[in-house]
Amino acid sequence: MNITNNAIVSMLYAVTSPSGEVLETSGDEPIWYLHGADQLLPGLEKVLESKTVGDKVEVDLSPAEAFGEHEEELVSKVPRSELELPEEAFVVGNELELEDDTGSAIVTITEIDEDVVTLDGNHPLAGRAVTFKVEVLEVREATESELEHGHPHPPGTDHDHA
Ligand SMILES: [Zn+2]
């Protein structure tokens, strides 16, 4: 069948920079999604419409269409002592989950000075134009429970989950 709303799709993907550097990849481990349920970036979901098993698609996305522009106000510098973390957590590139009164947020450590740590709350690929390369592995109709849950149940999934 062809990919259409309420199809369950499995695929392999790679995200590259315009120069071809691989930024993120599914490797050999397919990902699954429910088409038409806003589980993919809109620009990616659009090019997958009506594709079928074995098709390979490629789409260039601007930062806004991909992971968002890089927003300076999501970058903050905090005194190292304010972060109650073990010494080994202070590594550039490390992702932290911070909680405050308003909820929790994932931030990446982008710089460490002696006493000050720079935290970036943007998506690691924010501000970058990217190319998605996708290979469609499987397309099938969603089962009733998948439609009810609004997500795929790949092989091996526990169907009793909430
Ligand atoms: Zn489910």
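Residues numbered from 1 in each chain as written. Predicted model: local features only at pLDDT ≥ 70, side-chain atom pairs only at ≥ 80, totals over all residues. Heavy atoms only, no water.

Engineer: Any chance you could explain the overall build of the protein chain here in plain terms?
Structural biologist: A tally of helices and strands in the protein chain yields two helices and nine strands. Written out in order from the N terminus, the α and β elements of the protein chain read β-β-β-α-β-β-β-β-β-β-α. The C-alpha radius of gyration computed for the protein chain amounts to 19 Å, which surpasses the reference 15 Å derived for 162 residues by more than 25%, pointing to a less compact arrangement than a globule. Principal axes of the C-alpha set define a box for the protein chain whose edges measure 60 × 40 × 25 Å. The buried share among the 162 residues of the protein chain stands at 31%. (Helix = DSSP H or I, 4+ residues; strand = E, 2+ residues; numbered from the N terminus. Rg over C-alpha atoms; globule rule 2.2 N^0.38 Å. Buried < 20%, exposed > 50% of the residue type's maximum accessible area, 1.4 Å probe, protein only.)

Engineer: Just to check I follow, could you spell out the pattern of salt bridges for this structure?
Structural biologist: Where charged atoms from two side chains of opposite charge approach closely, those side chains can pair. Scanning the entire structure with this criterion turns up three salt bridges. Salt-bridge contacts for Glu87 lead to Arg80; the nearest nitrogen and oxygen are separated by 2.5 Å. A relative accessible area of 55% means that Glu87 is categorised as exposed. The shortest N-O distance in the salt bridge between Glu146 and Arg140 comes to 2.9 Å. (Salt bridge = Lys/Arg side-chain N within 4 Å of Asp/Glu carboxyl O.)

Engineer: Looking at this structure, how should I read the sheet that holds strand β7 (residues 103–112)?
Structural biologist: Read from one edge of the open sheet, four strands run β5-β8-β7-β6, paired in antiparallel fashion. Edge positions in the open sheet fall to β5 (75–79) and β6 (95–100), since each of these has one partner strand only. Pairwise comparison of adjacent strand axes, ignoring direction, gives a mean angle of 45° for this sheet. Here six bridges tie β6 to β7, and the two strands are oriented antiparallel to one another. Across the sheet, residue Glu99 finds its bridge partner in β7, namely Ser104. (Pairing = 2+ DSSP bridges. Axes fitted to C-alpha atoms, helices over the stretch in contact; angles between N-to-C directions.)

Engineer: Sorry, what's going on with the pairing of β7 here?
Structural biologist: The turn joining β6 and β7, which pair antiparallel and follow one another in sequence, is formed by two residues. Here β7 runs beside strand β8 (residues 116–120); their pairing, made up of four bridges, is antiparallel. Within the sheet, the bridge partner assigned to Ile109 lies in β8 and is Leu119. Hairpin geometry of β7 and β8 is characterised by an intervening segment of three residues between the two adjacent antiparallel strands.

Taken by themselves, the reported measurements are silent on function.
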